[in-house]
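Listed here are the chains, written in short residue letters.
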Amino acid sequence: MSGQVRIDGLVKRFGDNTVLAGIDLALEPGERVAIIGPSGTGKSTLLRCLNFLDRPDAGRIAIGDLSVDAARATKADVLALRRRTGFVFQNYALFANKTARQNLMEGLTTVRGWSRQDAAAKADDILRQIGLGDRGDSYPAAMSGGQQQRVGIGRAMALDAELMLFDEPTSALDPEWVGEVLDLIRRIADGNQTMLIVTHEMQFAREIADRVIFMEGGRIVEQGPPSQLFGNAQDDRTRAFLRRVG
Amino acid sequence: MRALDLGYMWDLVPVIAGYVPLTLFMAIVSMLAALVLASLLAIVRVQRLPVIDRVVALFISFFRGTPLLVQLFLFYFGLPQVLPALEGINGVSAAIFGLTLHFSAYMAESIRGAIIGVDRSQWEAAQSIGMTQSQLLRRIILPQATRTVAPTLMNYFIDMIKGTSLAFTLGVTEMMGAAQKEAAGSFLYLEAYLIVAIFYWVIVEALSVGQRALEARLGKAVAR
């Protein structure tokens, strides 16, 4: 399901503020990459630009055989890119007017044109995988934060995206719900899913990622396998950050 | 001081009741047309479509800024003098036309407010799974905005039902027009206008029951 992901020279500015100052990054199929770094350093913006929730000013994004020039992206390019990525939001962002099952079905029926019957069957299958087989008819407002985030992840899973983007998926959760969400992401990672995870959970990043990236000031400062980055960081800024959070 | 002529009032009940269907017809047709028009106007304003957004803003400003009665007279008596196509327009059509435009201006602003009020994350979640702008409006945003705006729209519908009484100034014999005619013949103004007031009141109260049921249904998604 996964193709190679290549990001070249990605730039994003908000007014005079350059938030992404030319990001180059490639992910092999099935690779799990965690992004860490101080707040306000462009980690979430990078993910949002890959999904065009924020429109990049320059650069190129390629997923599998689809390659999009950010500055010239048409509506069709943007839709095509979004249909190859699954996005998991920090605040879950479940469709409030739809049940858990309908949240999972929506992309399949409306975007992919599946029949309701097929979409419901797939949604129920995923609900079972994420441990919510009995909550298909529940509305988001009736679910705990952990359950909502699991549905949020299930919604991204339903689309069989080539690249899954996790934007601080546990930051908004009460501590009691963090474990169940991390467990689910671990299981998805075991399924050879290419994923890019922005996280403040250092232990989780160390455990799940094939590669960890440290970002600061809109740039990738340092990257490497978790053992190297956490155990033997080369850059002073990385070491200072790890000391602060460690 | 004379006593109310209750017998006369009772006799008027079937007379006024005979005009209830016309009042409801004008109100329902105007409401449905205004809903469609207001939704389109609201979407234009939310999307800030160039040029057309300005035109819509002017439309809303005019129809909110002038009295309904003035607008009805403009459509019925004024415009046919310069637009031959409108010559011979009947009072019912003119009333429906006027009510639709007048209330669509108010409703557009309420719907726009409800659309803007839907949390930004709902737009982004819909975009993130690849929905087009029309898909996300239709499937995610408008249903949620509807829940917010439904009580306001019901209030406009109630206002619209009462607003149909102005059609009698265009020569339409609806509930108010019938009461006016009866009163002019009997000189029992109090009885005639009181009975028509009770008719409007009962209709509005019946609608309020429906409004509560509708709100309960729409509120299902946010109930724990």
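Residues numbered from 1 in each chain as written. Chains lettered and ligands numbered in written order. Predicted model: local features only at pLDDT ≥ 70, side-chain atom pairs only at ≥ 80, totals over all residues.

> Please clarify how the overall build of chain B should be interpreted in this entry.
Per the secondary structure count, chain B includes nine helices and zero strands. Beginning at the N terminus, the succession of helices and strands in chain B can be written as α-α-α-α-α-α-α-α-α. For the C-alpha atoms alone, the extent of chain B along its principal axes is close to 70 × 55 × 25 Å. The long-range fraction of contacts in chain B, counting pairs at least 24 apart against all pairs at least 6 apart in sequence, stands at 76%. (Helix = DSSP H or I, 4+ residues; strand = E, 2+ residues; numbered from the N terminus. Contact = placed C-beta atoms within 7 Å.)

> I tried to follow the overall build of chain A on my own but got confused; where do I start?
Summing up its helical and strand segments, chain A has nine helices and 10 strands in all. A globule of 246 residues ought to have a C-alpha radius of gyration of about 18 Å, and chain A, at 18 Å, matches this closely. Along the three orthogonal principal directions, the C-alpha set of chain A runs to about 55 × 45 × 30 Å. Split into buried and exposed, the 246 residues of chain A put 49% on the buried side. (Rg over C-alpha atoms; globule rule 2.2 N^0.38 Å. Buried ≥ 20, exposed ≤ 12 C-beta atoms within 10 Å, placed from the backbone.)

> In this structure, what is going on with the sheet that holds strand S1 (residues 5-14) of chain A? I would like to understand it.
All names here are of chain A. Spatially, the four strands line up as an open sheet ordered S2-S1-S4-S5, and their pairing is antiparallel. Looking at strand neighbours, the two that pair on one side only are strand S2 (17-27) and strand S5 (66-69), the edges of this open sheet. With direction set aside, neighbouring strand axes in the sheet form an average angle of 15 degrees. With eight bridges connecting them, S1 and S2 associate as antiparallel partners. From the neighbouring strand, Arg-6 faces S2, where its bridge partner is Ala-26. Of the strands in this sheet, strand S4 (58-63) and S5 touch helix H2 (residues 75-82), which is tilted by about 135 degrees from S5. (Pairing = 2+ DSSP bridges. Axes fitted to C-alpha atoms, helices over the stretch in contact; angles between N-to-C directions.)

> Help me understand the interface of chain A and chain B, please; the structure alone is not making it clear to me.
Many structure descriptions define interface size as the accessible area lost when the parts assemble. Between chain A and chain B, the residue contacts involve 20 residues of the former and 18 residues of the latter. Listing elements by their share of the side of chain A that touches chain B, those giving two or more residues are H2 and helix H3 (100-111) of chain A. Per element, the largest residue contribution to the side of chain A that touches chain B is four residues, and it comes from H3 of chain A. Here the residues of the side of chain A that touches chain B are counted per class, giving 12 nonpolar, five polar and three charged. (Nonpolar A, V, L, I, M, F, W, Y, C, P; charged D, E, K, R; others polar.)

> When you look at the sheet that holds strand S8 (residues 195-198) of chain A in this model, what are you seeing that I'm missing?
The strands that make up a sheet are held in pairs by hydrogen bonds between backbone atoms, and each pair lies either parallel or antiparallel. Residue and element names in this part refer to chain A. Judged by pairing direction, the sheet is mixed, and its six strands sit side by side in the order S6-S7-S8-S3-S9-S10 without closing on themselves. A single partner strand is all that each edge strand has here, and the edge strands are strand S6 (85-88) and strand S10 (219-224). The average angle at which neighbouring strand axes cross in this sheet is 20 degrees, direction not considered. Bridging between S6 and strand S7 (residues 163-167) involves four bridges; their strand directions are parallel. From the neighbouring strand, Phe-87 faces S7, where its bridge partner is Leu-165.

> Can you walk me through the nonpolar core in this structure?
Generally speaking, soluble globular proteins have nonpolar side chains that are buried together. One finds Ala-34, Ile-35, Leu-165 and Leu-196 of chain A together with Ala-95, Met-107 and Ile-111 of chain B to be the most contacted residues of the largest nonpolar core, which totals 115 residues. When residues in this core are grouped by element, the largest group, 12 residues, is from helix H5 (residues 91-117) of chain B. Judged by nonpolar contacts, the second largest core, of 10 residues, contains Leu-12, Met-175, Met-176 and Val-196 of chain B. (Core = buried A, V, L, I, M, F, W, Y, C linked by C-beta atoms within 7 Å.)

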